[in-house]
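# Summary of structural features
If you want the building blocks of each chain, they are given just below.
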Amino acid sequence: MACKDGSTDNSVSIIHLDGRLQRSRQPIKASHVLSQNPKCFLCSSESMYIDSHMPHVPHEQELQLGQIYFLMPLSHAHIPLSLHDLCGSAIKASAALGYYGKSRSMGKMTSFSG
């Protein structure tokens, strides 16, 4: 994923239900994130399509650097993704990543804790 300044973003990005962004500069297992969010599943931004079920990232999978993942409520696990939900996720990601860009330029970093 390229940043606005043209550099490559070498971190895992996780967007929470409340729009909060967590980052990890190292690959981490999905199980680590899910253990802290037991009522959620992880979905890769690259596998979100309107009118399709969101594939769950397997617990054993290592989250990849440069990728954006969304925590989604388990109650949405078997519901096809609506245009409304996809747009809501895009807005959350845009806001979180935009805030991250501003924080980064001021020397601040939101990081994944755990």
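For the structure itself, look to the data block above.
As the structure is a prediction and not an experimental result, all values here were calculated from the model.

## Re the overall build of the protein chain
Counting secondary structure elements, the protein chain contains two helices and six strands. From first element to last, N terminus to C terminus, the protein chain shows the α and β order β-β-β-α-β-β-β-α. Taking all 114 residues of the protein chain together, the buried fraction comes to 39%. Once local pairs closer than 6 in sequence are excluded, the contacts in the protein chain between residues at least 24 apart make up 69%.

## Quick word on the sheet that holds strand β1 (residues 12-15)
Spatially, β2-β1-β6-β4 is the arrangement adopted by the four strands of the open sheet, whose pairing is mixed. At either end of the open sheet lies a strand with only one pairing partner, and these are β2 (21-24) and β4 (40-44). For this sheet, the mean inter-axis angle between neighbouring strands, taken without regard to orientation, is 25°. Bridge analysis of β4 against strand β6 (residues 68-73) gives five bridges, and the strand direction is antiparallel. The residue bridging F41 from the neighbouring strand is M72, located in β6.

## Some points on the environment of K39
Secondary-structure assignment places K39 in the loop between α1 (30-35) and β4. For the pair formed by K39 and P73, sequence separation is 34 residues and the distance between their alpha carbons is 6.1 Å. Each residue touching K39, except ones within four places of it in the same chain, is listed here: M72, P73 and L74.

The rules behind each value
- Residues numbered from 1 in each chain as written.
- Predicted model: local features only at pLDDT ≥ 70, side-chain atom pairs only at ≥ 80, totals over all residues.
- Heavy atoms only, no water.
- Helix = DSSP H or I, 4+ residues; strand = E, 2+ residues; numbered from the N terminus.
- Buried < 20%, exposed > 50% of the residue type's maximum accessible area, 1.4 Å probe, protein only.
- Contact = heavy atoms within 4.5 Å.
- Pairing = 2+ DSSP bridges.
- Axes fitted to C-alpha atoms, helices over the stretch in contact; angles between N-to-C directions.

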